[in-house]
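Inside the fold
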Amino acid sequence: TAGFFNTTHKHADELDFELHDRGLKIVNGPGNYGFDREDQYRDYQLSALSHSVLLVDGQSFPIEAQNAYGSAIRATGQGSGWFAIDGANPLTELQGVSHSRLFLYKPGNALVVVDRLRADAPHAYQRFFQLGPDLEIQGLSPGTLGLNGPDFSGGLYERAAATGGASRTVIKGRPTPLQGFTFPGFRQAVPRWSIEYGSRAADADYITVFTLNGATQRGTVSVPAPGTTEVVLTRGSSSQTITVKRSGSRLTLDFS
């Protein structure tokens, strides 16, 4: 969900995403609780806290017509079975922070999410990932969670949490304040895991890896030159380097 054209049906969901694998919801949005304008579930559904987004200093994104910016997608590309999407959130600029998000996706294998932040002063950054209601988690280490569901075994790796640069909070079905729910039908509130990573920095490059086929893959990210992002994925003793270069609206992917 990378766009803001008008306020009709608009959520605070800048650079949010959904991920389905083999019929299972791995990451999904809140759904629609209903249109009870004063109901706490409705307020939560519209807020950033119910989406897989990045917040600066705990502030949600303003859903106001004057902030409509069109599409947030800057570039796309593909290669060797991988698909790439690069987007930027103009609303964090109001807080003095530049935020771009790069998705690297290989169906049935992995989704890599790279968040790049640039600011003149330190800020609190919160990254939320809302898991599907049929997924269960297993805490393997500070940076690694096992993900399990019907006919599914995978993992979630977050580099900053693994190295001590971010805290991790997991919440499911908390009533006050509301967190960890999805709404698959009218006035149906179903508990699900909400994963939050919190950190403080000015400039930062964060990488999160969803593994979709067994043992968790680890990842590192670097920005060796303007417009270039280098991702290294490791599983066991094997590793793969993906170099993504942006030229206008085009992303090119190189592998080694």
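Here goes a summary of the coordinates provided.

Between threonine 176 and proline 177 the backbone carries a cis peptide bond, its omega angle lying at -15 degrees. Located in the positive-phi region is arginine 187, a residue other than glycine, with phi close to 55 degrees. Along the chain, arginine 187 turns up in the loop between strand S15 (181-185) and strand S16 (188-191).

Our focus in this paragraph is the nonpolar core. Among the nonpolar cores identified, the biggest contains 22 residues, and Phe17, Leu19, Ile26, Leu131, Leu147, Ile195 and Phe210 are the most heavily contacted of them. Elements that contribute at least two residues to this core include exactly strand S3 (24-27), strand S9 (110-119), strand S12 (144-149), strand S13 (152-158) and strand S17 (193-201). Leave out the neighbours within four places in its chain, and leucine 19 touches Leu24, Lys25, Ile26, Val27, Tyr105, Leu111, Phe210 and Leu212. Counting residues in hydrophobic clusters, the runner-up holds 18 residues, among them Leu102, Val209, Val231 and Val244.

What follows concerns the sheet that holds strand S10 (residues 123-130). Taken in spatial order, the four strands line up as S4-S10-S17-S14 in an open sheet, and their pairing is antiparallel. Of all strands in the sheet, those with a lone pairing partner are strand S4 (54-56) and strand S14 (167-172), marking the two edges. Neighbour-to-neighbour, the strand axes of this sheet turn through a mean angle of 20 degrees, independent of strand direction. For S4 and S10, the ladder comprises three bridges, and the chain directions are antiparallel. Residue valine 56 lies in a different strand from S10, and its bridge partner there is tyrosine 125.

Conventions used here
- Residues numbered from 1 in each chain as written.
- Predicted model: local features only at pLDDT ≥ 70, side-chain atom pairs only at ≥ 80, totals over all residues.
- Heavy atoms only, no water.
- Helix = DSSP H or I, 4+ residues; strand = E, 2+ residues; numbered from the N terminus.
- Core = buried A, V, L, I, M, F, W, Y, C linked by side-chain atoms within 4.5 Å.
- Buried < 20%, exposed > 50% of the residue type's maximum accessible area, 1.4 Å probe, protein only.
- Contact = heavy atoms within 4.5 Å.
- Pairing = 2+ DSSP bridges.
- Axes fitted to C-alpha atoms, helices over the stretch in contact; angles between N-to-C directions.

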